[in-house]
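Chains, contacts and geometry: an overview
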Amino acid sequence: MKRIYLDHSATTPVDEEVLQKMLPYFTGKFGNANSMHGFGQEGAYAVDESRRKIASLIGAKPNEIYFTSGGTEADNWAIKGMALKMREKGNHVITSSIEHAAIMSSCAQIAKEYGFEITYLPVDGNGLVRPEDLRAAITDKTVLVSIMLANNEIGTIQPIKELAEIAHEKGIYFHTDAVQAVGSIPVSVTDLGVDLMSFSAHKFYGPKGVGVLYIHGGVKPTKLMTGGHQERTMRGGTTNVPGVVGMAAALEKAVNNLDENYVYIKKLRDKFVERVINEIPYAIYNGDKEKRLPQNANFAFEFIEGESILMSLDLAGIACSSGSACSSGSLEPSHVLLATGLPIEKAHGSIRFSFGRDNTEEEVDYVVDKLKEIVCKLRAMSPLFCEIKGETKNV
Ligand SMILES: *Cc1c(COP(=O)(O)O)cnc(C)c1O
């Protein structure tokens, strides 16, 4: 059976060229980058090169790049490390109500275990944080603001530059989770003006298990991972040399081809959205129409369950997601969609389609055709839908 992957926001395959660049560091050049001998120096040299490359691709300095085990660790470090560091100054952290679980759970933990107060900023109906809400939420106890650059479920892009300026006017540190954005849209820490930024290789055709926390020079979060002297003593643990090499190669390729990929992927997404809106009744397109990632389309199909659509699509060889991959398995409706004001029953019928550079227009057509069939079949079995059907034409 033909298989179609539309879940690039969950993860992407490793690019073949990236893999080739990584392979030598698993075998011949396997040295520990902290060892003094030649084997180690080979690894250390590759890590230095990768660090320089990644820094220049996001507008940072090499010594502001800290390698981690991925986006989750980078987010945990930013929140817990900064909160603990600033504890003497204040115990208030501001984030948004649509963050990834890595941010949400880190905030919950500092609240529970260290008595922090957390403000979860609301979003408007399109999934955007209002700068005036941030301004109003700041108190003299606020020590950190963390707001994601692009949302993983509905793809909305927040006005980070403006939000960071508001925090900085009050001398408050600003972190952004840019895991979904880096590699898909232009991202520069100097343009954004953030103090800390998380991103992860496997979201841009690099390997899983490696990410970066960018930490602006002079900012010093408490260490999360203590151990050896790696990452300028800030993050212990033997360096993942193949992972770091792969991350740099993948980011370089993503940034070099960014415009071309952006246009191509957005065209596929726009075609998909247009067909769904025109051909499937009672489909709600979630999230801001303009300020969103090119790869993301999130729809609520009224009167049916997202999980049922997902399973039927999977049987047809089509992979997508309901809510985020991290919360599937739970039947909780998406906190992101609820935050945009979508009623609970509609949030339950939501599906995320995330496109990638290997998808084709033929695939888009095939998916819409299948989706139409599936939605129609499921609705025919839905008591909710039968109730309204008598009164509605063209269904
Ligand atoms: C995927 C993702 C993460 C987690 O990154 P991992 O590298 O998978 O740990 C964090 N934040 C967002 C917005 C994500 O999409």
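Residues numbered from 1 in each chain as written. Predicted model: local features only at pLDDT ≥ 70, side-chain atom pairs only at ≥ 80, totals over all residues. Heavy atoms only, no water.

Okay, the overall build of the protein next. Each helix and strand in the protein was counted, giving 14 helices and twelve strands. At 22 Å, the protein has a C-alpha radius of gyration in line with the 21 Å of a compact globule built from 395 residues. With the C-alpha coordinates aligned to their principal axes, the bounding extent of the protein is approximately 75 × 55 × 35 Å. Across the 395 residues of the protein, 54% fall into the buried class. Counting contacts in the protein only where the partners sit at least 6 residues apart, residues at least 24 apart contribute 75% of the total. (Helix = DSSP H or I, 4+ residues; strand = E, 2+ residues; numbered from the N terminus. Rg over C-alpha atoms; globule rule 2.2 N^0.38 Å. Buried < 20%, exposed > 50% of the residue type's maximum accessible area, 1.4 Å probe, protein only. Contact = heavy atoms within 4.5 Å.)

With that out of the way, let us pick up the sheet that holds strand E12 (residues 350-354). Overall, antiparallel pairing links the three strands, which are arranged E9-E10-E12 in an open sheet. Edge positions in the sheet fall to strand E9 (283-285) and E12, since each has one partner strand and no second. Mean inter-strand twist for the sheet, computed between neighbouring axes without regard to direction, equals 25°. By the bridge criterion, three bridges tie E9 to strand E10 (residues 296-301) in an arrangement that is antiparallel. Directly across from Ala-283, in E10, lies its bridge partner Phe-301. Relative to the sheet, helix H9 (residues 258-279) contacts E9, E10 and E12, its axis offset from that of E10 by approximately 15°. (Pairing = 2+ DSSP bridges. Axes fitted to C-alpha atoms, helices over the stretch in contact; angles between N-to-C directions.)

What follows is about the layout of surface pockets. Considered as a void within the structure, the second largest pocket measures approximately 210 Å³ in volume. For the lining of the second largest pocket, the secondary structure elements donating two or more residues are helix H7 (189-192) and helix H8 (241-256). Looking at the lining of the second largest pocket residue by residue, the class counts come to eleven nonpolar, two polar and one charged. (1 Å grid on protein atoms, 1.4 Å probe; cavity = no way out; pocket = protein on both sides within 12 Å on 5 of 7 lines; lining within 4 Å. Points joined across faces, edges and corners; volume = space filled by probe spheres on them. Nonpolar A, V, L, I, M, F, W, Y, C, P; charged D, E, K, R; others polar.)

Here we take up the sheet that holds strand E7 (residues 196-200). Spatial ordering of the open sheet is given by E2-E8-E7-E6-E5-E3-E4, a layout of seven strands whose pairing is mixed. The two strands at the open ends of the sheet, each matched to only one other strand, are strand E2 (65-68) and strand E4 (117-121). Neighbour to neighbour, the strand axes of the sheet diverge by 20° on average, direction disregarded. Pairing between strand E6 (residues 173-177) and E7: three bridges, direction parallel.

Now for unusual backbone geometry. With a phi close to 50°, Glu-231 is a non-glycine residue in the positive phi region. For Glu-231, the position within the fold is in the loop between strand E8 (211-215) and H8. Assessed through its relative accessible area of 7%, Glu-231 is described here as buried.

Moving on, we come to the side chain of Ser-322. Note that Ser-322 resides in the loop between strand E11 (318-319) and helix H11 (335-339). Here the side chain of Ser-322 touches Glu-307 through a polar contact of 2.9 Å, side chain to side chain. (Polar contact = N/O pair within 3.5 Å; in protein donor to acceptor, adjacent residues only side chain to side chain.)

The domain boundaries assigned to the protein delineate domain 1 (4-11 + 258-388) and domain 2 (16-256). Summarising the inter-unit geometry, the C-alpha centres of domain 1 and domain 2 are found 28 Å apart. Contact residues are listed per partner, giving 29 residues for domain 1 and 33 residues for domain 2. Together, the buried faces of domain 1 and domain 2 total about 2600 Å²; carbon and sulfur atoms form 53% of this surface. Sorting the residues of domain 1 by area buried against domain 2 places Leu-258, Leu-293 and Arg-357 first, and these three jointly supply 26% of that buried surface. Between the two partners, domain 1 and domain 2, sit zero salt bridges. Mapped onto the side of domain 1 that touches domain 2, the elements with two or more residues apiece are H9, E10 and H11. Among the elements that take part in the side of domain 1 that touches domain 2, H11 stands out by supplying four residues, more than any other. Per-class residue counts for the side of domain 1 that touches domain 2 are nine nonpolar, 14 polar and six charged. (Domains from an automatic or database assignment. Buried area = accessible area lost by both parts, 1.4 Å probe. Salt bridge = Lys/Arg side-chain N within 4 Å of Asp/Glu carboxyl O.)

So, on to the site of the ligand. Surveying the vicinity of the ligand reveals 13 residues, the closest of which are Thr-72, Asp-177, Gln-180, Ser-200 and Lys-203. Within the side chain of Thr-72, a nitrogen or oxygen atom sits 2.6 Å from an oxygen atom of the ligand. A distance of 2.7 Å separates a nitrogen atom of the ligand from a polar side-chain atom of Asp-177. Protein chains bury 88% of the 380 Å² of accessible surface belonging to the ligand in isolation. With three residues, the single largest contributor to the shell around the ligand is helix H3 (residues 71-85). For the shell around the ligand, the per-class residue count stands at two nonpolar, eight polar and three charged. (Near = heavy atom within 4 Å. Areas by Shrake-Rupley, 256 points an atom, 1.4 Å probe, with all protein chains shown as cover.)

Now for the environment of Val-263. Note that Val-263 resides in helix H9. Sequence separation between Val-263 and Pro-294 is 31 residues, and the spatial gap between their C-alpha atoms is 8.0 Å.

In a regular helix each residue adds 1.5 Å, so 15 residues correspond to 21 Å; H3 covers 20 Å between its end C-alpha atoms and thus fits that length. Within H3, twelve of the 15 residues are buried, leaving the element largely enclosed by the surrounding structure. For H3, the complete set of buried residues consists of Gly-71, Glu-73, Ala-74, Asp-75, Asn-76, Trp-77, Ala-78, Ile-79, Lys-80, Gly-81, Met-82 and Ala-83. Against E2, helix H4 (101-114), strand E5 (142-146), E6, E7 and E8 lie the buried residues of H3. (Expected span 1.5 Å × (residues − 1).)

On to a nonpolar patch on the surface, then. Residues Val-14, Leu-19, Leu-23 and Phe-26 make up a contiguous nonpolar surface patch of about 320 Å² in total accessible area. Position of Phe-26 among the secondary structure elements: in the loop between helix H1 (16-22) and helix H2 (38-57). (Patch = residues over 30% accessible without salt bridge, like charges linked within 9 Å, V, L, I, M, F, W, Y side chains within 5 Å.)

Bringing empty space enclosed by the protein into the picture now. Taken as a whole, this structure holds two cavities of 30 Å³ or more when the rule is applied. Volume-wise, the largest cavity comes out at about 220 Å³. Along the walls of the largest cavity sit 18 residues, with Gly-183, Ser-184, Tyr-205, Ile-265 and Gln-295 positioned nearest its centre. Looking at which element gives the most residues to the lining of the largest cavity, the answer is H9, with three residues.

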